[in-house]
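# Overview (structure and organization)
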Amino acid sequence: MSDKPASPASPEKNENSNPASDFIREAVAADLASGKTKEVRTRFPPEPNGWLHIGHTKAFLIDFGVAADFGGKCNLRFDDTNPEKEDMSYVEAIKRDIAWLGCDWEDREFYASDYYERLYELAVKLIRKGVAYVDDLSAEQMSEYRGTAVADKSNITVTPPGRNSPWRDRSVEENLDLFARMRAGEFPDGSKTLRAKIDMAHPNLLMRDPPMYRIRREPHYRTGTTWCIYPMYDFQHPLSDAIEGVTHSLCSLEYEIHRPLYDWFIREAEVFPSRQIEFARLSITHFVLSKRWLLRLVQEGRVAGWDDPRMPTLSGLRRRGYSPEAIRDFISRIGVAKTDSMVDVQFLEHCLREDLNKRANRVMAVLRPLKLVVENWPAGKVEQLEAVNNPEDPAAGTRKVPFSGTLYIERDDFMETPPPKYFRLFPGNSVRLRYGYIVTCTGFSKDPASGEVTEVRCSYDPATRGGDAPDNRKVKGTIHWVDAPSAVKLEARLYDHLFEAERPMDVPEGKDWVETINPKSLETVAGALGEPGLAAAKPGDRFQFERLGYFCADNDSAPGALVFNRTVSLRDTWAKIEKKGG
RNA sequence: UCCCCGGUUGUGUAAUGGUAGCACGACAGACUCUGGAUCUGUUUGUGGGGGUUCGAAUCCUCCCUGGGGAACCA
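Rules of the game
- Residue positions are given per chain, counted from 1 along the sequence in the order it is written.
- Chains carry letters and ligands carry numbers; both start at the beginning, A for chains and 1 for ligands, and go up in the order they are written.
- It should be noted that, the model being predicted, local features are given only for residues of pLDDT at least 70 and side-chain atom pairs only at 80 or more, the latter also being counted only at that level, while totals for whole chains, interfaces and linings use all residues.
- The basis for every side-chain value is the complete set of non-hydrogen atoms in the structure, without hydrogens or water.
- In this description a helix means any DSSP run of H or I spanning at least four residues, a strand means any run of E spanning at least two, and both kinds are numbered starting from the N terminus.
- Note on classification: 1.4 Å probe, protein chains only; a residue is buried when its accessible area is under 20% of the maximum for its type, exposed when over 50%, partly exposed between these limits.
- The rule for pairing is simple: two strands pair if DSSP sees at least two bridges between them.
- Proximity is defined per residue: if any heavy atom of the residue lies within 4 Å of a molecule or strand, that residue is considered near it.
- In protein, a polar contact means a hydrogen-donor-capable atom and an acceptor-capable atom, both N or O and within 3.5 Å, with residues adjacent in sequence counting only if both atoms are side-chain atoms; elsewhere, any N or O pair within 3.5 Å suffices.
- Residue classes follow a fixed rule: Ala, Val, Leu, Ile, Met, Phe, Trp, Tyr, Cys and Pro count as nonpolar, while Asp, Glu, Lys and Arg count as charged, and any other residue, Gly among them, counts as polar.
- Only the stretch in contact is used when fitting a helix axis, every axis being a line fitted to C-alpha atoms; angles between N-to-C directions are given from 0 to 180 degrees.
- Our angle categories are set so that under 35 degrees counts as roughly parallel, over 145 as roughly antiparallel, 65 to 115 as roughly perpendicular, and the remainder as oblique.
- The sense of a crossing depends on the near helix, which, turned anticlockwise from the far helix by less than a right angle, makes the crossing left-handed and, turned clockwise, makes it right-handed.
- In what follows, a contact means two residues having at least one pair of non-hydrogen atoms within 4.5 Å.
- Domain delimitation follows an automatic or database domain assignment.
- Every case where a carboxyl oxygen of Asp or Glu lies within 4 Å of a side-chain nitrogen of Lys or Arg is listed as a salt bridge.
- To define a nonpolar core, start from buried Ala, Val, Leu, Ile, Met, Phe, Trp, Tyr and Cys residues and group those joined through side-chain atoms within 4.5 Å.

Further remarks concern the environment of Glu 140. Here Glu 140 lies in helix H6 (residues 139-146). Overall, Glu 140 belongs to the exposed group, its relative accessible area being 61%. The spacing of Glu 140 and Gly 130 is ten residues in sequence and 25 Å in space, taken between C-alpha atoms.

This is the structure we're talking about:
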């Protein structure tokens, strides 16, 4: 398996899902049926100020998916109207990640910053209509006039009624002149804003004359210093949608309260009537899904970067070994609703295992090697044994693995005095070496100082070549192994949840959530060994290490210095039994 | 406090006035050359009270409860 973009959703999958299978699709279907919408157009509007995470994936899979389900198109539009935070490197990362998930925006790569001139004209139109004005109030004054309660988190009191700004009734001519001079750079940053004239007594505070433009002298990553005024989200977003003919503007619940504004600007600007519909954003246990928080982890060096395999970013998940198919499947199975929900990370991992189980080739590797000597093995003899690459996929074929009298097994697979129900290797017990022979433990050596087992000895039954028992005897345990002379060294990076707490943000008062990072979220195992074929693995290649889990060759991996990330472990029934017993 | 939006098994999601279903988890078992995979079975739910109706998760009402908002960010 290698690291390729996901193929488009298979047709069978689409047949299974009713086109109107969630409230958004129902709404779109209704708009189509009533004739209000002729051709569906959606958009995914990321701000290029961070890398995409799995929460964004839900959003753009809905955007692209809804369009596709109704024979429409989805635009990619960078919502880049805040020059302070945005950067071209984010644009590239975002495009790469969306493509990886198999979404295609074709030639529809748009930028809100391309609409600055058009948006300016629409602002002038609103001024002419008398529904926008230039205000001289400072930010603090404006907040006070709007009736915003003073920031006292513990005790916010009744929202005071709003008061009109003294500049609210400037003439159209004066507003036009002032706005033009704002653009021309005649006023200092923050000294004036353009505001919509709506209703300073509105119960929805957002409707109390929201700012449309601010003065900010900050070079923009695309428009440079062409502009010193920048449009605000509430003004810019609906009109950008309208410019593109977006019929359904799908966004997360936090924008629900903005919808009256969205509709107001469309109505007053007399532009294409896009319709905003909101859905619940994705939350997953043990994950932090907020660009702002992720940025902090990166900036403070708490993780190795945006693509650290512990990060919930798409680049992190990709590097970890997640397949785009598994992510798509997960997103489609959690559904779309308006209920705030917290999906159990186990469900994500279930979808992952389900996909990888079907597609990842099996291979044997030993994380913590323990030498196993086959005492009755003919000296110098080496056999090539046939091993199945993927029992779930006969087309994956078979391979040869070498077998000699000196092997390594997993340290966990031997116990001097086993607990009940342990059916791996212990003195006197027989076990099958996967695709090898049935062996019986004859003895072991210990380091007298440390008490550590240094070597295990066994005898093999030549009649059981390949692992079959001609006498039909039951051998309960089958363990994996590598041939000592031919084994390749590798480094294994074992990951666990970045945060131990289900809800990492729920930290006690006074405690910083970044301090709750799981100290065991990365365990590096340097001395692991793998079968010889692993030497050819290239970064991004995915395997199942038998009985251990799914692993993916890391970007850091190179011939002679192999590095594998554990994507996810296999389900481990034994661990459960052990836990119960203890 | 005000405004907006929600509450269906442990979790997520269906049922759109007509048998509360599906998936994951959990538990039990079968099978197995991965204690993997697969298969079978079991368990638990409409936040509460009142109302409309032959019939309510669904409609009305009151209450309880959770989330969001009050940036010259998006």
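Let us now look at the sheet that holds strand S15 (residues 406-410). One open sheet holds the seven strands; their spatial order is S19-S16-S17-S18-S12-S15-S20, and the pairing between them is mixed. Two strands close off the open sheet at either side, each with one partner strand: strand S19 (478-479) and strand S20 (481-483). Examined bridge by bridge, S15 and S20 share three bridges and lie antiparallel to one another. Along S20, the bridge assignment pairs Ile 409 with Trp 481.

Before going further, it helps to spend a moment on the protein's contact with RNA strand B. Neighbouring residues of RNA strand B: 69 residues in total, closest Glu 26, Arg 214, Arg 362, Gly 466 and Thr 573. When the atoms of RNA strand B within 4 Å of the protein are sorted by group, sugar and phosphate make up 65%. Between RNA strand B and the protein, one listed contact pairs a sugar or linking oxygen with a side-chain N or O atom of Glu 256 at 3.4 Å. Tallying contributions element by element places helix H14 (residues 573-581) first for the surface near RNA strand B, with five residues. Looking at the surface near RNA strand B residue by residue, the classes come out as 25 nonpolar, 20 polar and 24 charged.

Running from amino to carboxyl end, helix H5 (residues 116-128) crosses helix H7 (residues 172-184) at an angle of 160°, the nearest separation of the two axes being 9 Å. In terms of orientation, H5 lies roughly antiparallel with respect to H7. Every pair of crossing elements has a handedness; the one defined by H5 and H7 is right-handed. Touching Glu 117, Tyr 120, Ala 123, Val 124, Ile 127 and Arg 128 of H5 are Val 172, Asn 175, Leu 176, Phe 179, Ala 180 and Arg 183, all from H7. Of the residues that constitute the contact of H5 with H7, the class distribution is eight nonpolar, one polar and three charged.

Segmenting chain A into domains produces domain 1 (19-279) and domain 2 (365-480). When each unit is reduced to the centre of its C-alpha atoms, the spacing between domain 1 and domain 2 is 64 Å.

A few words now on the sheet that holds strand S5 (residues 193-196). Sheet architecture is open: four strands sit in the order S4-S5-S6-S7, paired in antiparallel fashion. Strands at the two margins of the open sheet, each flanked by one partner only, are strand S4 (132-135) and strand S7 (229-231). If you compare each strand with its neighbour and ignore which way they point, the axes differ by 20° on average. Here strand S6 (residues 211-215) pairs with S7 via three bridges, running antiparallel. The residue of S7 that forms the bridge with Ile 215 is Ile 229. Where H5 meets the sheet, its contacts fall on S4, S5, S6 and S7, and the angle it forms with S6 comes to roughly 120°.

Time to look at the environment of Ser 521. Tracing the sequence through the fold places Ser 521 in the loop between strand S21 (488-495) and strand S22 (522-530). Distance from Ser 521 to Phe 265, taken between C-alpha atoms, is 47 Å for residues 256 residues apart in sequence. Beyond its immediate stretch of four places on either side in the chain, Ser 521 contacts Arg 310, Leu 494, Tyr 495, Asp 496, His 497 and Leu 498. At 2.9 Å, the side chain of Ser 521 and the side chain of Arg 310 are in polar contact.

With that settled, the discussion passes to the pattern of salt bridges. If you walk through the whole model with that rule in mind, you get 58 salt bridges. A salt bridge links Arg 216 to Glu 84, with the shortest nitrogen-to-oxygen separation between them at 2.8 Å. Placement of Arg 216 in the loop between S6 and S7 and of Glu 84 in the loop between strand S2 (73-78) and helix H4 (88-100) is noted, with a sequence separation of 132 residues between them. A relative accessible area of 24% places Arg 216 in the partly exposed class. Looking at Glu 84, the relative accessible area reads 45%, which means it is partly exposed. Of the charged contacts, one joins Arg 310 and Asp 308 as a salt bridge, the two residues approaching to 2.9 Å between their closest N and O atoms. A single network of salt bridges, built from pairs that share partners, joins Asp 307, Arg 319, Glu 491, Arg 493, Asp 554 and Asp 556.

Now for the nonpolar core. Ile 24, Ile 54, Phe 60, Ile 98, Ile 327 and Phe 330 are the most contacted members of the largest nonpolar core, which totals 50 residues. If you tally residues by element for this core, the top one is helix H3 (residues 54-69), at eight residues. Formed by 33 residues, the second largest nonpolar core is a distinct cluster that contains Leu 126, Ile 127, Val 131 and Met 212.

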